[in-house]
Amino acid sequence: MFRRTFWFTTGVAAGVWATTKVNRKLKQLTPESLARTAGNKAIEAGHRIKDRAVGFALDVRDNMAVREAELGDALGINENPELPAPRRHIAIENRNDPKYVEGSTYQTYPYNRNEDH
């Protein structure tokens, strides 16, 4: 009797295990699951490609700066000449404005938020 109960229980357990394995595999093979898996793999591949492209762009930028410095040294154009101070000009002078100062080259006006309304 014990022997029959043992084999019956073993058979039931094997049947349940096999049924769950088959059901899981069937769920993995549904069109929705296959589409989800393919989408996830495509996203992962896209991330890998993006990371490689960013790394390549950074390498190119670094090497470009090094080569530019080498060429600048070879041609003697890396020397920084002293540049004149930037000049500021007023597009339209309003001589009637009380803030107008004769001979000034740069005029500052406070921002008035109500001016646009």
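Residues numbered from 1 in each chain as written. Predicted model: local features only at pLDDT ≥ 70, side-chain atom pairs only at ≥ 80, totals over all residues. Heavy atoms only, no water.

- Going by an unreviewed UniProt entry, the chain carries the name Secreted protein and comes from Streptomyces hawaiiensis.

## A word on the environment of Glu68
- Locating Glu68 in the fold gives a position in helix α2 (residues 31-75).
- In this structure, the C-alpha to C-alpha distance between Glu68 and Asn78, residues 10 residues apart in sequence, is 9.7 Å. (Helix = DSSP H or I, 4+ residues; strand = E, 2+ residues; numbered from the N terminus.)

## Considerations on the packing of aromatic side chains
- The tally for this structure, following the rule as stated, stands at one aromatic pair.
- On the numbers, 5.1 Å between centres and 70 degrees between planes, the contact of Phe6 with Trp7 is edge-to-face.
- Its relative accessible area of 43% is what places Phe6 among the partly exposed residues. (Phe/Tyr/Trp six-rings, centres within 6.5 Å; stacked < 30°, edge-to-face > 60°. Buried < 20%, exposed > 50% of the residue type's maximum accessible area, 1.4 Å probe, protein only.)

## A short note on the pattern of salt bridges
- Summed over all chains, the structure comprises two salt bridges.
- Two residues, Asp51 and Lys50, come together in a salt bridge whose shortest N-O distance is 3.9 Å.
- Given the relative accessible area of 47%, Lys50 is considered partly exposed. (Salt bridge = Lys/Arg side-chain N within 4 Å of Asp/Glu carboxyl O.)

## Regarding α2
- Between its first and last C-alpha, α2 extends 64 Å over 45 residues, near the 66 Å set by a 1.5 Å rise per residue.
- Downstream of α2 by a residue or two, Gly76 has a phi angle that is positive, lying close to 75 degrees. (Expected span 1.5 Å × (residues − 1).)

## Re a nonpolar patch on the surface
- Judged by side-chain polarity, Phe2, Phe6 and Trp7 come together as a nonpolar surface patch covering roughly 430 Å² of accessible area.
- Of note, Phe6 is situated in helix α1 (residues 2-28). (Patch = residues over 30% accessible without salt bridge, like charges linked within 9 Å, V, L, I, M, F, W, Y side chains within 5 Å. Areas by Shrake-Rupley, 256 points an atom, 1.4 Å probe, with all protein chains shown as cover.)

## Details of a positive patch on the surface
- A cluster of basic residues, Lys21, Arg24, Lys25 and Lys27, forms a positive patch at the surface.
- Locating Arg24 in the fold gives a position in helix α1. (Lys, Arg positive; Asp, Glu negative; His and termini not counted. Charge placed at Lys NZ, Arg CZ, Asp CG, Glu CD.)

## Considerations on the side chain of Ser33
- Position of Ser33 among the secondary structure elements: in helix α2.
- Leave out the neighbours within four places in its chain, and Ser33 touches Lys27 and Gln28. (Contact = heavy atoms within 4.5 Å.)

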